[in-house]
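# Working through the structure, step by step
Read off the chains here:
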Amino acid sequence: MTNDLLNSIIKDVENKLDSISVNPEVENVWEVFYLWDGVAKVSWLRNVAYNELVEFDSWWVWVALNLEEHFVWIVVLSGFNSIKEWEKVKAVGKTLEVPVWKWLIGRVVDALGKPIDGLWSINSTENYPIERVATWVMARKSVHEPMETGIKAIDALVPIGRWQRELIIWDRQTGKTQVAIDTILNQKGENVFCIYVAIWQKEWKVARVVEELRSRWAMDYTIVVSAWASDPASMQYLAPYAGCAMWEYFMFNWMHALIIYDDLSKQANAYREMSLLLRRPPGREAYPWDVFYLHSRLLERSSKLNDKLWAWSLTALPIIETQWWDVSAYVPTNVISITDWQIFLESDLFNSGQKPAINVWLSVSRVWWAAQIKAMKKVSWTLKLDLAQYRELAAFSQFASDLDASTRAQLERGKRMMELLKQWVFEPVTVAKQVCSIYAWSKGYLDDIEVSKVKKFEQDLYTTLDEEKTILESIKNKKEITEEIEEKLKEVIAKVIDINK
């Protein structure tokens, strides 16, 4: 072989070696060596972030929550029964996201955004991360718009403003969910997008809520995110964050939004279950040390954007269920400290037939005047004081046999107000109608009507106002009661009183 040929072969070999990459591609993969109750322990899984998704050979996806020096603890999102020990695990390189877009409206989805209502699949090209830093304080605006619930006891006595976090709290079976559903129904035609997050609820209960919303056309602007009682604890933990991500998408684009968390005490229980399985040290009532952060980082995402950011808002109504009226328990006290005051429901009121069973003496609002229109302020500014005095007199009258005329008159007026605050389920009342009925009570028009006929008077008043239209339209548009409208309202009330005598 000649030297020229040999040199040519050597040069070709050198060129080929230079063109070959000798840097191996390291893949972030390792094996499961512990599997139990929806939790897997993976050894030597490098470069994994908190809340990062991991993928198994069987294509099921989990999420990493505990990061230790030699191990990573991950929790199930789906397919736990298909995972086996020593199966390969791969880090995906992104955090958990949920699909967003208008195709979700009217649907029932799980905590991963997958439909569970038996209808067609959801094809969304846009996703939002479930965890997000709350809106910067300088991008926010103070409360100056009411979030009308359609419930007289709330709109008149405990008003809620847009972007507030108003807690609904008390024992089970006191109508907490009913308050939330009526609020959703009242948003029809108000350009408010709603999300109802059901956590640890039975399937039949969620189905009943969805059916009520659908029968009243409320699903046209509502998404239901459900983590059923049969779902893994991780799905119940993630459901509020998934709902909040969907909720934020609409706020940042073109709509006010309202979200119901039903309820956060169940989410805290699911998080406690996960934390104990992840071997995190338990604290008070066996909850982990970061259970406060669990709810604070969620509720702080409620905000009202300033005018430069189109002034859209996020309003949250979290629900907390207490045990035997114990509001001093760990989770209730945490959420009370985070939210903008509370709406208390009372078992005794509920059992006595006062529904919604809102305790107007304990319930408070932080914003008050900023969350009411002028017309409502005018008719309700002494209402809470009058009801407080009525409650004291009612308690006193049980032990007194002889009452003076003024005390009896005050008691009778209080009875009529309590009767007026009652509402049928799934029948929210517009603020304009609320103003008219409370005006009739405050001016003494109901004093000569029997307590048993107060509800009939109210229904007749609403029917007459619907026929007349001018009064309701004026209050709705001008937000106040002008002298001309007040005179017309007096005539309508007098006409209705004549019918009910």
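Structure shown above.
Structural notes, computed from the coordinates. Because the structure is predicted, anything quoted here is derived from the model rather than measured. (Residues numbered from 1 in each chain as written. Predicted model: local features only at pLDDT ≥ 70, side-chain atom pairs only at ≥ 80, totals over all residues. Heavy atoms only, no water.)

### Quick look at helix 6 (residues 264-277)
The following threshold applies: Numbering goes from the N terminus for both helices and strands, where a helix is a DSSP run of H or I of at least four residues and a strand is a run of E of at least two. Multiplying 1.5 Å by the helix residue count minus one yields the expected span of that helix.
The end-to-end C-alpha separation of helix 6 is 20 Å, in line with the 20 Å expected for 14 residues at 1.5 Å each. Among the residues trailing helix 6, arginine 279 stands out with phi positive, at a value near 65 degrees.

### Digging into unusual backbone geometry
A cis amide bond links aspartate 262 with the next residue in sequence, aspartate 263, at an omega value of -5 degrees. In the segment running from lysine 355 into proline 356, the intervening peptide bond is cis, with an omega of 0 degrees. By the secondary structure assignment, proline 356 is in the loop between helix 9 (347-351) and helix 10 (374-380). Positive phi, close to 65 degrees, is recorded for arginine 279, a residue that is not glycine. Mapped onto the secondary structure, arginine 279 falls in the loop between helix 6 and helix 7 (291-299). One non-glycine residue, alanine 311, adopts positive backbone phi at about 60 degrees.

### Some points on the packing of helix 7 against helix 8 (residues 330-338)
Operational definition: In this analysis, axes come from line fits to C-alpha atoms, helices being fitted only over the stretch in contact, and the angle between any two N-to-C directions falls in the range 0 to 180 degrees. Should the near helix be turned anticlockwise from the far one by less than a right angle, the crossing is termed left-handed; should it be turned clockwise, right-handed. Throughout, a contact is declared for two residues whenever any of their heavy atoms are within 4.5 Å. When residues are sorted by character, Ala, Val, Leu, Ile, Met, Phe, Trp, Tyr, Cys and Pro go into the nonpolar class, Asp, Glu, Lys and Arg into the charged class, and all the rest, Gly among them, into the polar class.
Direction vectors running N to C along helix 7 and helix 8 enclose 35 degrees, while the axes themselves pass 10 Å from each other. The hand of the helix 7/helix 8 crossing is right-handed. Contacts between helix 7 and helix 8 pair Val291, Phe292, His295, Ser296 and Leu299 from the former with Tyr330, Val331, Asn334, Val335, Ser337 and Ile338 from the latter. Taken together, the residues of the contact of helix 7 with helix 8 sort by class into seven nonpolar, four polar and no charged.

### What about the packing of aromatic side chains?
Heads up, the condition is: Ring geometry is summarised as follows: Phe, Tyr and Trp rings, the Trp one being its six-membered ring, pair when their centres sit within 6.5 Å, and such pairs are stacked at plane angles under 30 degrees, edge-to-face over 60 and tilted between the two. The buried label applies to any residue whose accessible area, calculated with a 1.4 Å probe on protein chains only, is under 20% of its type's maximum; exposed applies above 50%, and partly exposed to all values in between. By definition, being over a ring means that NZ of Lys or CZ of Arg is both within 6 Å of the ring centre and within 35 degrees of the ring normal.
Tallying each qualifying case throughout the model produces 10 aromatic pairs. When the ring of tryptophan 247 is compared with that of tyrosine 261, the centres are 6.5 Å apart and the planes differ by 90 degrees; the resulting orientation is edge-to-face. Pair noted here: tryptophan 247 is in helix 5 (residues 233-253) and tyrosine 261 is in strand 13 (residues 256-262), with a separation of 14 residues, a long-range link. Judged by relative accessible area, tyrosine 261 falls into the buried class, the value being 0%. Each residue in the set Trp101, Tyr128, Phe193, Tyr249 and Phe250 is aromatic and connected to the rest through ring pairs, giving one cluster. Sitting over the face of the ring of tryptophan 103, lysine 102 holds its NZ or CZ atom 5.2 Å from the ring centroid. The aromatic ring of tyrosine 293 is capped on one face by arginine 297, whose charged end is 4.8 Å from the ring centroid.

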